Amino acid sequence: MLFRCQSKKLNRRTIKQRISAVLISAELLSLLGFMTGCGGSKAAIPQLEEPIVAEASYRPLSKRIVGKKEIMYGKVVPREYPCFAKEGVDLKELNVGIGDYVEEGDVIAVGSSGPYSELITGLENEIKSLNRQRTNTINISNKTLEKLDYEKKIEQYLEDDAAIQEKDKAIASENENQRFSVALIDSDISSKKKQLDELYNKTASKVFKAPCSGYVSFVKDISQSNHVEANENIAVIYDPEELYIESDEYTIDNYKYEDYKCKWALINGKRTPITERKYTNEEVSYAKSVKCNPYIQFEAPEEKLTMGVDVVLFFMDSDDTEKLAVGNDSIYRENDSTFVYIKSATGTDADEKREVKLGVTDGHYTEVISGIEEGEQIFYRNSEAIPKRRDTGDAVSGDFQEKCETEFVSILNPYSKIYMSEYSGKLLELHDVGTASAGDSLYVLQTNIGSAELEDARKEIEMLDINREKERKEYEKTTSELETVLNNAKTMNTEEMATDSDAIHETMYLAERTQCELDILNYNESYAKEQYAADRAVAEKQLSNFSNARKDGTSDYTLNSEVDGSINSFGVTRNTRLEKNQYIMTEQYSKEDNGSTRMHVLVDSKDPSMPNANPKIGEEVIFYNETKSWTGKCLGINGNPERYMLFTRDEQQHATYSNPYFKGIEYQFDFVVDDKITKEDMEKSKVKFFGKDFRQVVIVPSTSVKTEYDNLAQQEYNYVWKVENGEIVKEYVTIHKTPVATGTTYILDGVEVGDKVLK
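Predicted model only: the values in this text are computed from it and were never measured.

Reading guide: rules and limits
Residues numbered from 1 in each chain as written. Predicted model: local features only at pLDDT ≥ 70, side-chain atom pairs only at ≥ 80, totals over all residues. Heavy atoms only, no water. Helix = DSSP H or I, 4+ residues; strand = E, 2+ residues; numbered from the N terminus. Buried < 20%, exposed > 50% of the residue type's maximum accessible area, 1.4 Å probe, protein only. Areas by Shrake-Rupley, 256 points an atom, 1.4 Å probe, with all protein chains shown as cover. Pairing = 2+ DSSP bridges. Axes fitted to C-alpha atoms, helices over the stretch in contact; angles between N-to-C directions. Core = buried A, V, L, I, M, F, W, Y, C linked by side-chain atoms within 4.5 Å. Contact = heavy atoms within 4.5 Å. 1 Å grid on protein atoms, 1.4 Å probe; cavity = no way out; pocket = protein on both sides within 12 Å on 5 of 7 lines; lining within 4 Å. Points joined across faces, edges and corners; volume = space filled by probe spheres on them. pLDDT = per-residue confidence, 0-100. Expected span 1.5 Å × (residues − 1).

Peer 1: Outline the overall build of the protein chain, supporting the account with residue identities and numerical values.
Peer 2: Secondary structure assignment for the protein chain yields eight helices and 45 strands. Relative to its full complement of 759 residues, the protein chain shows a buried share of 44%. Carbon and sulfur atoms provide 46% of the accessible area of the protein chain, an area that totals close to 40200 Å².

Below, the structure is given as C-alpha cells:
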C-alpha cells in the first residue's frame, strides 16, 4: 500500500492523523503475520516497498559514539581539609573568618575547658614550687655535708676516733636525709605531673589547629550558640591548586557507574577521561558503619581544571569509539529480518531495501555492523515537515551560563567574639540584639563575690608582704653577723690557734665552715624570694578576679564591647542565674581588610528562575548598581549537613559535615570585592552570579532546538534540523534543560562544533 501526501489543502493535523492510522495498520499487519507464523500456518505478508511518511527524508550513514549514555552533573571544587571537633565542645575562641588565609598549625579555635583551666594553673604552680623546694633541699644538704666534712677533719686532726665515728654517722644520716627528702619531692612532682598530663589530654582536644595551609571557605556559625557537635566542622580550609570534580547526585554507597567501561567529561572543549577518587577500604567501611557517605568525586588527570565551573559527566557500559550508526527511525523488521531503505542513486527510482546487521543502541541510533556503507543515504520515518526556510546557525564552542541575581546583600561580619560568664551570678542587664559599638556595655552580672571575699584577698597579700619583710630583715641581720665572723676568720693566724680541743673546734676551718653557713642562708633567701613572688602572683590574680567581679568592690561586674559589631541572639535572658563559663552571646565584627569588602548574600530558593542558585567557591560574581560595577570572587557557601568529608588523619578515619548558617535560607554565600563599598552603594546594588557555569561546550541558538512527544514511549525528545551535504537532516540531541532564558542551548550529545543547524 502506497500513501503519498500531495494535497496542500489538507492541514497538518489531518495529515498526521492519517499517517498515524496507516502506520498502526502496518504494524498490526506485521504483528498478525508474526502470530500466524507461530501457529504453524503462513499468511502472505504484503511487501513494504516504500515507507509511509509525511515527506521523504534521508540522512547519510556516518560514524558517531553510539550506545546508551548515562549523564551526571558535577562541579569543580577544591580539595577541602576540615578542622573539626572529635567530641562535643563549647568554643570560647574562634579566630578565623571566611576568606582568610591560614598556615598549617595556626590555632583556628579554642574550646572551653571549664574548671580544667584553673586546675591546670594550680598544678603547674605546685610543680614549680616543688621544683624550687627540690633544688633548695639539695643545695642546703650539699653545703651541710661540706660543713660536716670540715668538722670531721678537725676530729681527724685531734685524732679523736670516737668523734670521727660520730661525724661519719652524721654525714651518712645527712646523705640519707637528702635522698629521702628528694625522693619524697620527686614522688609528689610525679603524681602532680600525672594529674597535669591527664588534664592536658582532656584540654588538648579543645585546641583546634589548621590541618594544612590554605584559604578558609567555611566557618561554623556561632551567632546563636557556641556549641559544636562531634564530627562537626568548625572551619574548612581548601587548597586552590588541588582541584577535583564532585557530583551531589550520588554518594559512595549508591553509585551506579563504578564498573562502566568508559567515563569522560567535556573539559576545556575536549572529551577527557575521568576516574573516581578511590577511598581506602577502611574509609569506606567506616563511612558505611556510621551512615555518613560522601558524594562521588572524580579526577581528570589529563586536563587542568578551573575552580568553580560545572561539568557534565558521561558513562557508557560499552565501547565509546565512533562506529557507523543508523537512526532507529530508519530500521524495519519483518520476521527475522532487519532492513533499511537506501536512497536510489538517481533519486527517482524506488528506494533499495537492504538487510543489515546491527549492534548496540542508545534509543535513537544503533550501531551498524554490516549491510550498508558510510555515506549512503538512509531513509528515516519523519512525521515532521522539513522546514522550507534555511536560515542556519553554527554549533559553536562557548560558555553556557545560567545567570542569577539577588538584591539581598549585606556587609559580612566574618569574625566572632564569644562571651561566656566569667563568674557565677545573676544577669542584671543585657545589650539589645543589633549593632554594638566599642565601649558599649554588653552585660552586667551580679556576682556571688562580696566585699568580704575581696577584703580577704587583700589581707592575704598584706600578710605575704609582712612575712616577706620579716624574713628579709632576719636574713640581712644573720648575713651581717656571719660576714663579720667570716672576715675575722680570714685574718686569723693559724700559728696563734689555741692548742686545747675546745679552741681548735672553735677556730679550725672557721672561715670555710662560716662560708657554708652563709651559702645555706643565701640558698634559703633565694628560695624564699622565689616562693614569695609565686605566691603573691597567685594572690594578685585572685584579687584581680574579685576586683573585676565587683569593680573594685563598688559595683557589679560589667563587660564592655571591644569592637564595633553586631549581636544576633543570646544564649541567656535577663534576671537568670548564670554559672561560671556559661555562654551568653556572640558578637560578630569585621576587620580592616586591605581595601577590600566582604559581603554576605541570601538567595530566594523558591524563585523558579534561579535553579541551583548557589555559586561555587572561586566563582566570579558581579556586584553592580546603575552607575558602577565591581567584580568579585565567591569565598564560601552555606554548609550542607548531607555532604560528608571522608578522610584519614593520624591513622583514624573520620566523616565530618558542615552545618548551615542558622538563618533559615538554603542558598547563601560570601564574596569579596577589591574595593571599599559604601553604605549607599550597598543599598542600591545587586549581585549577579551563575547558577550553572559550563565552559567551552557545544551551544546552538535556542530556537534551533525542537521538541516531539512519543505517545508510545510517553516521553519527550529533542532534535535539531542539521544541514549535511546540503540536505536537511533530523538529528536527535540531548540538551541541558534549564528554566533560565539564555538565548542559547547547551547540547550534551548529538551535535558537534562546526555543525550547521537551522534556527
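Peer 1: Report on the sheet that holds strand S20 (residues 357-361), specifying residues and quantitative values.
Peer 2: Spatial ordering of the open sheet is given by S2-S16-S21-S20, a layout of four strands whose pairing is antiparallel. This sheet does not close on itself; its edge strands, each paired only once, are strand S2 (62-64) and S20. Mean inter-strand twist for the sheet, computed between neighbouring axes without regard to direction, equals 55 degrees.

Peer 1: Please provide a residue-by-residue account of the pairing of strand S16 (residues 323-327), values included.
Peer 2: In terms of residue burial, S16 counts as a mostly covered element, since five of its five residues are buried. Residues Lys 323, Ala 325 and Gly 327 line one face of S16 and the alternating positions Leu 324 and Val 326 line the opposite face, and both faces are buried. Relative to S16, S2 runs antiparallel, the two being bridged by three bridges. Each residue of the ladder has a partner; that of Ser 62, found in S16, is Ala 325. As paired elements, S16 and strand S21 (residues 365-370) share three bridges and run antiparallel to each other. If you follow Gly 327 over to S21, its bridge partner there is Tyr 365.

Peer 1: Describe the sheet that holds strand S32 (residues 577-578), naming the residues involved and giving the relevant values.
Peer 2: With respect to topology, four strands assemble into an open sheet ordered S30-S29-S27-S32, the strand pairing being antiparallel. Across the chains shown, the open sheet's two edge strands, defined by having one partner strand only, are strand S30 (557-560) and S32. Pairing between strand S29 (residues 441-447) and S30: four bridges, direction antiparallel. Among the inter-strand pairings, Leu 445 is bridged to a residue of S30, identified as Tyr 557.

Peer 1: Describe unusual backbone geometry, naming the residues involved and giving the relevant values.
Peer 2: A negative phi angle characterises most non-glycine residues, just as the trans form characterises most peptide bonds. For Asn 581, which is not a glycine, the phi torsion comes out positive at approximately 70 degrees. Assignment of secondary structure puts Asn 581 in the loop between S32 and strand S33 (583-589). Overall, Asn 581 belongs to the partly exposed group, its relative accessible area being 30%. Positive phi, normally seen in glycine, also occurs at Gln 696, with a value near 50 degrees. Here Gln 696 lies in strand S40 (residues 686-701).

Peer 1: How would you explain the pairing of S20 if you had to name every residue and give the values?
Peer 2: Along a regular strand, successive side chains alternate from one face of the sheet to the other. Inspection of the sheet shows S20 paired to S21 by three bridges, in the antiparallel sense. Along S21, the bridge assignment pairs Thr 361 with Thr 366. Linking S20 back to S21 in an antiparallel pair, the connection comprises three residues, with Gly 363 at a positive phi of about 105 degrees.

Peer 1: Can you tell me about the nonpolar core, naming the residues and giving the values?
Peer 2: Ranked by internal contacts, the top residues of the largest apolar core, which has 31 residues, are Leu 91, Leu 94, Ile 108, Phe 208 and Ile 234. Elements with a contribution of two residues or more to this core: strand S3 (69-84), strand S4 (89-94), strand S6 (107-111), strand S8 (214-219), strand S10 (233-251), strand S26 (415-420) and strand S37 (644-649). When residues of this core are assigned to their parent elements, the largest contribution, four residues, is made by S10. Ignoring sequence-local partners within four residues, the contact set of Leu 91 consists of Ala 109, Val 110, Gly 111, Ser 112, Phe 208, Ile 222, Asn 226, Val 228, Ile 234, Ile 418 and Met 420. Among the nonpolar cores identified, the runner-up in size contains 19 residues, and Met 610, Trp 630, Tyr 667 and Phe 671 belong to it.

Peer 1: So what about empty space enclosed by the protein? Which residues, and what values?
Peer 2: For the structure shown, the criterion picks out two cavities of 30 Å³ or more. For the second largest cavity, the calculated volume is near 30 Å³. Lining the second largest cavity we find Leu 266, Asp 310, Val 311, Val 312, Phe 694, Arg 695, Val 697 and Tyr 746. Contributions of two or more residues to the lining of the second largest cavity are made by strand S15 (310-316) and S40.

Peer 1: Break down the environment of Lys 323 for me, citing the residues and quoting the values.
Peer 2: With respect to the element layout, Lys 323 can be found in strand S16. Taking the C-alpha atoms as reference points, Lys 323 and Glu 367, separated by 44 residues in sequence, lie 6.4 Å from one another. Other than its neighbours up to four places away in sequence, Lys 323 contacts Ser 62, Lys 63, Arg 64, Val 66 and Glu 367.

Peer 1: Would you mind going over the confidence of the model for the protein chain in detail, with residue names and values included?
Peer 2: Within the protein chain, residue pLDDT values average 86, and 88% of them lie at 70 or more. For the stretch residues 1-54, pLDDT sits under 50, and the model shows 37 contacts to residues farther than four places along the chain or on other chains.

Peer 1: Residue-level account of helix H2 (residues 116-158), with values.
Peer 2: A rise of 1.5 Å per residue sets the reference length of H2, with its 43 residues, at 63 Å; its end C-alpha atoms lie 62 Å apart and thus fit the reference within 8%. Looking at the residues trailing H2, positive phi occurs at Glu 159, about 55 degrees.

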